Structures are given as C-alpha cells and as structure tokens.
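Residues per chain, in single letters:
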Amino acid sequence: SRVPPIVAVNPMVTGHSDTYDDDWESCLSVPALHGLVRRPRDVHIRYTTLEGEAVEVMCSGYGARVFQHEVDHLEGILFLDRLMKDGPGLVHEGELEHYIVSDADKASP
C-alpha cells in the first residue's frame, strides 16, 4: 500500500499498540541489505506541519512501520540496531527470495 509523503517537524511516537508485526526492512543508508524487524503494528504519532499546525494521528500497518523507521533515524538508530535476535540476521537482496514465504506457500500443506 502506498503511503503519501508528509513533512513532519519534530515527529515523535507517543504510544503504541500491544500487537507487534515482524517484517523485512531495508534502508538506503545500508544498501542491498535486509533484516527482520519487530515493530508495533499501530502507533500514535505527533508532529508539527511546516505551517505550524500540531497533528496527532494513529498510524497502522506499513505506514506505522515507515514512520517508526524514519523517527529512528532522527534518534541515531538504524534498522540494524533493531534486528530480531532470533531472525536470520542481515540478508543480501540477492538471497532475500529464499527467506520470504509467500501467502500461497503459507497455505500449502
């Protein structure tokens, strides 16, 4: 799903759900490498627009993951610092297909 771009001044995550998702992340700061990261599925976020308007919203799913990833950058954290300890570690993009299980494969007995 597509997440529209926003300009968020002083963004912060102010709360999150108790439900977590594990998913693959990558970053332009670490080209061609991917890793499994566990993040809250839903986050409450607060930021200011360029016009000075205070915004508070709840983000879910992919949008919540992207927002958390970008706020991490502002705090000096890369997705590498959040890799799941029981995951495969860093995976080069050429090998990623061996680790991703499709929905069709999950449904097969």
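Residues numbered from 1 in each chain as written. Predicted model: local features only at pLDDT ≥ 70, side-chain atom pairs only at ≥ 80, totals over all residues. Heavy atoms only, no water.

1. Focus: the overall build of the protein chain
Scanning the protein chain from N- to C-terminus turns up two helices and six strands. Within the protein chain, the proportion of its 109 residues that are buried is 29%. Nonlocal contacts in the protein chain, meaning residues at least 24 apart in sequence, comprise 61% of its contacts between residues at least 6 apart. Only carbon and sulfur atoms are counted for the fraction: they give 52% of the accessible area of the protein chain, which is about 7,500 Å². (Helix = DSSP H or I, 4+ residues; strand = E, 2+ residues; numbered from the N terminus. Buried < 20%, exposed > 50% of the residue type's maximum accessible area, 1.4 Å probe, protein only. Contact = heavy atoms within 4.5 Å. Areas by Shrake-Rupley, 256 points an atom, 1.4 Å probe, with all protein chains shown as cover.)

2. A few points about the side chain of Ser17
Structurally, Ser17 is set in the loop between β1 (9-16) and β2 (20-27). A distance of 3.1 Å separates a polar atom in the side chain of Ser17 from the backbone oxygen of Thr19. Setting aside its immediate chain neighbours within four residues, Ser17 contacts Pro40, Arg41 and Asp42. (Polar contact = N/O pair within 3.5 Å; in protein donor to acceptor, adjacent residues only side chain to side chain.)

3. Section: the pairing of β2
As defined by bridge partners, β2 adjoins strand β3 (residues 30-40) across eight bridges and the pair is classed as antiparallel. Looking at the pairing, Asp21 lines up with Arg39 of β3. Between the antiparallel neighbours β2 and β3 lie two residues. (Pairing = 2+ DSSP bridges.)

4. Quick word on the sheet that holds β2
Read from one edge to the other, the open sheet built from three strands follows the order β2-β3-β6, with strand pairing classed as antiparallel. In the strand order of this sheet, the two ends are held by β2 and β6 (91-92), each with one partner.

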